[in-house]
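The lines below spell out each chain.
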Amino acid sequence: MMYFSRINLNGLQLKPSNDFMCDITGLFDGDNDVTLNDYLGDGASFGNSRVKAKEIEILIGFKGFGVEKEKQMLAINRIRALKGLIKLQVETELLGIVETNVAVIGTKIEDDLYITLKCTAPDPYLYTTFPKTIELEKVTEGGKTYNYTYNYQYNCKTIGNTGTIINDGIVTAYPVITIVGSGSNITITNKNTGEKMNIDYCLEEGIELVIDNRLSTRGVYINNEPTPSIMTGNYISCIEGENEFEVDYIGDCSVVIELQEAYL
């Protein structure tokens, strides 16, 4: 069983807490949907597989008595009444703080001291709350030449950016890529996956280009405005381990990659 040193549900601190006792079951459990295609004879061939939504139970105990206990129960009832997804954060010694979104689908009163919230997590993965961030190094070409009039003349120019980000999670994750500066004909490549994206836009100083590859918020944004038409090619993923990125363009840009690693 996984030990949680910290549990927070929709901003309510459940562990450690002076008001509550708390534990969670099912957060690291999981089931797969597997599709098989029957042969005409014996057996079947593998079709595909996907991870199903998780079913989670949050057991909450009340430490208070009398009016204090009623206040604690009302705090839980506020969460029970919420519709839609709410954030669940936990902390373990190995993973640190990770989070997922859950919906409360039922409750069970154990006795006067305990209540169980039955929840579902549509996205079965747990994500790190502090993304890993790297700034890609600029790649230049040229150098300096000797000129009899001006002595040394520098003709070095930036032609792109490169760098490696390591996905320490156990599943494929999806980066957020931010580009600022001045540039055109932008191409982004993950050399480990072969995925390549082209951006047909003339980036200028003071403008921020963000490519959000995450599944739930995927899109291309210019100063926070969605601009999907400027992108062709593939959205970029980061497999487990090393992911070497190349960003090519005409101009001079800075490139930052953020990655939220994921766990089952």
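Residues numbered from 1 in each chain as written. Predicted model: local features only at pLDDT ≥ 70, side-chain atom pairs only at ≥ 80, totals over all residues. Heavy atoms only, no water.

A. Structural view of the overall build of the protein chain. Helix and strand counts for the protein chain stand at 1 helix and 23 strands. Rg of the C-alpha trace for the protein chain: 25 Å, well past the compact-globule value of 18 Å for 264 residues, more than 25% over. Projected onto its principal axes, the C-alpha coordinates of the protein chain cover approximately 90 × 65 × 35 Å. Considering the protein chain as a whole, with its 264 residues, one finds that 38% of them fall into the buried category. A fraction of 64% describes how many contacts in the protein chain between residues 6 or more apart in sequence connect residues 24 or more apart. Total accessible area computed for the protein chain in this model is approximately 15,200 Å², and 50% of it derives from carbon and sulfur atoms. Distance between charge centres in the protein chain, computed from 22 positive and 37 negative side chains, equals 6 Å. (Helix = DSSP H or I, 4+ residues; strand = E, 2+ residues; numbered from the N terminus. Rg over C-alpha atoms; globule rule 2.2 N^0.38 Å. Buried < 20%, exposed > 50% of the residue type's maximum accessible area, 1.4 Å probe, protein only. Contact = heavy atoms within 4.5 Å. Areas by Shrake-Rupley, 256 points an atom, 1.4 Å probe, with all protein chains shown as cover. Lys, Arg positive; Asp, Glu negative; His and termini not counted. Charge placed at Lys NZ, Arg CZ, Asp CG, Glu CD.)

B. Representation of the nonpolar core in the model. Membership of the largest hydrophobic core comes to 28 residues, with the highest contact counts inside it found for Leu9, Leu14, Ile24, Ile58, Ile60 and Leu88. Of all the secondary-structure elements, those providing two or more residues to this core are strand E1 (6–9), strand E3 (20–25), strand E6 (54–62), helix H1 (67–81), strand E7 (86–92), strand E8 (96–109) and strand E9 (114–121). If you look at the next biggest cluster of nonpolar residues, it comprises 27 residues, including Ile211, Cys238, Ile257 and Leu259. (Core = buried A, V, L, I, M, F, W, Y, C linked by side-chain atoms within 4.5 Å.)

C. Here's a closer look at unusual backbone geometry. Geometrically, the link from Lys15 to Pro16 is a cis peptide bond, its omega value of -10° lying close to zero. If you check the backbone angles, Asn10 has positive phi at about 55° while not being a glycine. The residue Asn10 is located in the loop between E1 and strand E2 (12–15) in this model. We note that Asn224 has phi near 75°; this positive angle belongs to a residue other than glycine. Here Asn224 is to be found in the loop between strand E19 (219–222) and strand E20 (225–226). The exposure class assigned to Asn224 is exposed, which follows from its relative accessible area of 65%.

D. Representation of the environment of Ile166. Here Ile166 lies in strand E15 (residues 157–167). Once the C-alpha coordinates of Ile166 and Cys238 are considered, the two residues, 72 residues apart in sequence, prove to be 8.2 Å apart. Leave out the neighbours within four places in its chain, and Ile166 touches Lys132, Gly241, Glu242, Leu259 and Glu261.

E. How the structure looks around a nonpolar patch on the surface. A cluster of nonpolar side chains, namely Val34, Leu36 and Phe46, defines an oily patch on the protein surface of about 320 Å² accessible area. Along the chain, Phe46 falls in strand E5 (residues 44–51). (Patch = residues over 30% accessible without salt bridge, like charges linked within 9 Å, V, L, I, M, F, W, Y side chains within 5 Å. Salt bridge = Lys/Arg side-chain N within 4 Å of Asp/Glu carboxyl O.)

F. Up close: the packing of aromatic side chains. On inspection of all chains with the given rule, the structure shows 2 aromatic pairs. Both rings, one in Phe4 and one in Phe28, keep their centres 6.3 Å apart while their planes meet at 15°; by these two values the pair is stacked. Residue Phe4 is found in the segment before E1, and its partner Phe28 is found in the loop between E3 and strand E4 (32–38); the two are separated by 24 residues along the sequence. A relative accessible area of 26% means that Phe28 is categorised as partly exposed. (Phe/Tyr/Trp six-rings, centres within 6.5 Å; stacked < 30°, edge-to-face > 60°.)

G. Geometry of the confidence of the model for the protein chain. Predicted confidence across the protein chain gives a mean pLDDT of 87, with 92% of residues reaching 70 or more. Considering only residues more than four positions removed or in separate chains, one finds that residues 143–155, a stretch of pLDDT under 50, has 17 contacts. (pLDDT = per-residue confidence, 0-100.)

H. A look at the pattern of salt bridges. A complete count under the given rule lists 8 salt bridges for this structure. Between Glu68 and Lys71 there is a salt bridge whose closest N-O contact spans 3.8 Å. Of the two residues, Glu68 and Lys71 both sit in helix H1, 3 residues apart, roughly one turn of that helix. Residue classification places Glu68 among the partly exposed residues on the basis of a relative accessible area of 42%. Lys191 is paired through a salt bridge with Glu244; the nearest N and O atoms lie 3.9 Å apart. Taken together, the positions of Lys191 in the loop between strand E16 (176–190) and strand E17 (195–199) and Glu244 in strand E22 (residues 241–259) put the pair 53 residues apart, joining distant regions of the chain. The exposure class assigned to Lys191 is partly exposed, which follows from its relative accessible area of 44%.

I. Structural detail: the pairing of E1. The side-chain alternation of E1 yields two buried faces, one formed by Arg6 and Asn8 and the other by Ile7 and Leu9. One ladder, built from 3 bridges, connects E1 with E2; its direction is antiparallel. Opposite Asn8, over in E2, you have Gln13 as the bridge partner. Between E1 and E2, which follow one another and run antiparallel, lie 2 residues, and Asn10 among them has a positive phi close to 55°. (Pairing = 2+ DSSP bridges.)

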